[in-house]
Amino acid sequence: MIILPAIDIKDGNCVRLQKGDYATAHKVADSPYETAKRFKDAGAEWMHMVDLDGAKDAKLINADLIADVAKSSGLLVEVGGGIRSMEAVAYYLSRGVNRVILGSAAVKDPQLVIDAVNAFGDQIAVGIDAKNGMVQAEGWLDNSDIHYIELAKRMEDVGVRTIIFTDIDRDGMLSGPNLKQLDDLAHEVSCNIIASGGVTVLKDILNLTELDIYGAICGKSIYSGTLDLKQAIEMTRKI
């Protein structure tokens, strides 16, 4: 399993949210560049980045900064937030980003997902964010009537190979990942599943490896010190 330490950008700063609530945003690091360097020094191979302003406003806001951090980091990088067009997808992939995450577009504009997968293949991932099992969109501000497993099946059918699944109620709460929903999802689709939200301690990483989950995104746990990134990476390499 791969560990993807996370950097979320709002107003140009590294921040974390609780349960996707923008009012809870608080700065967790002085520099995204230095943060990415620390991730690499700890042994990370991948990094997860999100443009929170972009996710809320449905357009690229912090894209230049994110692309520059990604390019200079020396890491493999996946990026999400505000990516609503093929031009936005191409922007990131032409500037050193390795994988682009389509989130709200999977609900609002499935044709974009199809076009992006046809053009860029495995460099396209879909982010599925759920509350009580139902998909949320537009930076978690918009409810839908689609169950997360139903959306995952639709995405698998159009060729998506990687799904990032977030239980919004766990995100930023240090309460452990939703193992039940992740296990159900892993049994319903053949896609690589990346768990997001709630990863807090090494035991959470171990639990995810036992479910044969492909990857785990770790954000607040790293910044708050409940999870040692280097230790977590070393543990996954030994399993």
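Quick note: structure is the one above.
Residues numbered from 1 in each chain as written. Predicted model: local features only at pLDDT ≥ 70, side-chain atom pairs only at ≥ 80, totals over all residues. Heavy atoms only, no water.

As enumerated under the stated definition, the model contains 10 salt bridges in all. Residue K131 is joined to D169 by a salt bridge in which the shortest nitrogen-to-oxygen separation is 2.7 Å. Taken together, the residues span a long stretch of sequence, with K131 in strand 7 (residues 124–131) and D169 in the loop between strand 10 (162–167) and helix 8 (179–188) at a distance of 38 residues. (Salt bridge = Lys/Arg side-chain N within 4 Å of Asp/Glu carboxyl O. Helix = DSSP H or I, 4+ residues; strand = E, 2+ residues; numbered from the N terminus.)

This part is about the environment of I239. When you line up the elements, I239 lands in the segment after helix 11 (229–238). For I239, a relative accessible area of 59% puts it in the exposed group. A sequence separation of 223 residues divides I239 from R16, and the C-alpha atoms of the two residues are 30 Å apart. Sequence-distant contacts of I239, defined by excluding residues within four places in its chain, comprise L206 and T209. (Buried < 20%, exposed > 50% of the residue type's maximum accessible area, 1.4 Å probe, protein only. Contact = heavy atoms within 4.5 Å.)

For the rest of this paragraph, the subject is the environment of Q18. The topology assignment puts Q18 in strand 2 (residues 13–18). Q18 sits in the partly exposed class, given a relative accessible area of 31%.

What follows concerns the packing of helix 9 (residues 202–210) against helix 11. Between helix 9 and helix 11, the shortest axis-to-axis distance is 10 Å and the interhelical angle comes to 25 degrees. Classed by the angle they form, the pair helix 9 and helix 11 counts as roughly parallel. In this structure, helix 9 crosses over helix 11, and the sense of that crossing is right-handed. Facing L202, I205 and L206 of helix 9, the residues of helix 11 in contact are Q231, A232, M235 and T236. (Axes fitted to C-alpha atoms, helices over the stretch in contact; angles between N-to-C directions. Parallel < 35°, antiparallel > 145°, perpendicular 65-115°, else oblique. Left-handed = near helix turned anticlockwise from the far one by under 90°.)

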